[in-house]
Amino acid sequence: ANPENFDARNNNAGILVEVDKGVVKASSFGKLDIAVYGNGITVDGAGASVEFKNGGNIIVPTDTVNNLNYYSMAAYDGTIKYGWSEPNNNYQVSTKNCKVTGNLLVDSETAAINMALNGSNSELKGAVINNEGGTAWLFLTDGAKWTNVSNNTNEIGAVSHLSKLDAHYNNNCNSVAK
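Keep in mind that what you see is a predicted model, and the values were worked out from it rather than measured. (Residues numbered from 1 in each chain as written. Predicted model: local features only at pLDDT ≥ 70, side-chain atom pairs only at ≥ 80, totals over all residues. Heavy atoms only, no water.)

Trainee: Give me the lowdown on the sheet that holds strand β12 (residues 123-125), citing residues and values where you can.
Mentor: What the 5 strands build is an open sheet, ordered β3-β5-β9-β12-β15; its pairing is parallel. Both outer strands of the open sheet, β3 (32-35) and β15 (145-147), are each paired with one neighbouring strand and no more. Adjacent strand axes in the sheet meet at a mean angle of 10° when their direction is disregarded. Relative to strand β9 (residues 99-101), strand β5 (residues 56-59) runs parallel, the two being bridged by 3 bridges. From the neighbouring strand, Asn57 faces β9, where its bridge partner is Lys99. (Pairing = 2+ DSSP bridges. Helix = DSSP H or I, 4+ residues; strand = E, 2+ residues; numbered from the N terminus. Axes fitted to C-alpha atoms, helices over the stretch in contact; angles between N-to-C directions.)

Trainee: Hey, could you go over the nonpolar core for me, with residue numbers and the actual values?
Mentor: Counting residues in each nonpolar core, the largest one holds 32 residues, and the members touching the most others are Ile41, Ile58, Met73, Ile80, Tyr82 and Met115. Of all the secondary-structure elements, those providing two or more residues to this core are β1 (13-17), β3, β4 (39-52), β6 (71-82), β10 (103-106), β11 (111-118) and β14 (135-141). Ranked by residues supplied to this core, first place goes to β4 with 5 residues. Beyond its immediate sequence surroundings of up to four residues, Ile80 is in contact with Ile41, Val43, Val50, Met73, Ala74, Ala75, Ala112, Ile113 and Asn114. (Core = buried A, V, L, I, M, F, W, Y, C linked by side-chain atoms within 4.5 Å. Buried < 20%, exposed > 50% of the residue type's maximum accessible area, 1.4 Å probe, protein only. Contact = heavy atoms within 4.5 Å.)

Trainee: Go over the pairing of β10 with me, naming the residues and quoting the values.
Mentor: Burial of the side chains of β10 extends over both faces: Asn103 and Leu105 are buried on one face and Leu104 and Val106 on the other. Where β6 meets β10, 4 bridges bridge the pair, whose relative direction is parallel. Within β10, the residue paired with Met73 across the bridge is Leu104. Relative to strand β13 (residues 128-130), β10 is paired through 3 bridges, and the arrangement is parallel. Looking at β13, one finds that Val106 is bridged to Asn130.

Trainee: So what's going on with the packing of aromatic side chains? Residues and values would help.
Mentor: On inspection of all chains with the given rule, the structure shows 1 aromatic pair. Between Tyr37 and Tyr70, the aromatic rings sit 5.2 Å apart at their centres with planes inclined by 50°, giving tilted as the arrangement. With Tyr37 in the loop between β3 and β4 and Tyr70 in the loop between β5 and β6, this residue pair connects regions lying 33 residues apart in the sequence. (Phe/Tyr/Trp six-rings, centres within 6.5 Å; stacked < 30°, edge-to-face > 60°.)

Trainee: So what's going on with the environment of Val36? Which residues, and what values?
Mentor: Along the chain, Val36 turns up in the loop between β3 and β4. Given a relative accessible area of 18%, Val36 falls into the buried group. A sequence separation of 23 residues divides Val36 from Ala13, and the C-alpha atoms of the two residues are 6.9 Å apart. Setting aside residues up to four positions removed in sequence, Val36 forms contacts with Ala13, Gly14, Ile59, Val60 and Pro61.

So this is what it looks like as structure tokens:
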């Protein structure tokens, strides 16, 4: 369907929600592991959401030669919450190790990615591409790492744009302002 990868929006996806108000929520399951030749998680529907409280590992191809774009998470419209949940407006960060390799994409004002990484074995290797002023929130706690490097040819040298970056120790999330 997308043999020349001219539009990352049409990539294969490990998890794809394209229905308005569509929801994928996995708060009681173990962690999620995705290795896909395409995008890891994609949301593209008004009010659509994907929430993985326990995080996990997402690996997508790195392309620095062929002008191909792959994203570990791509929000065109809707919200991705990864590694946290918000029961009763109280943030809860996963205690699982999460390794995410690939850029994050927020591609509209109505799109958001909220990612929490906890512990020294948790890491994001990728840039945060925010094309249209949506929300990109990265929460690092207890030694989690972010390597701000672009994994796509078209975005080499791209500047990451975060709406909010929080770093805490002892998994204390209640001090985070909304």
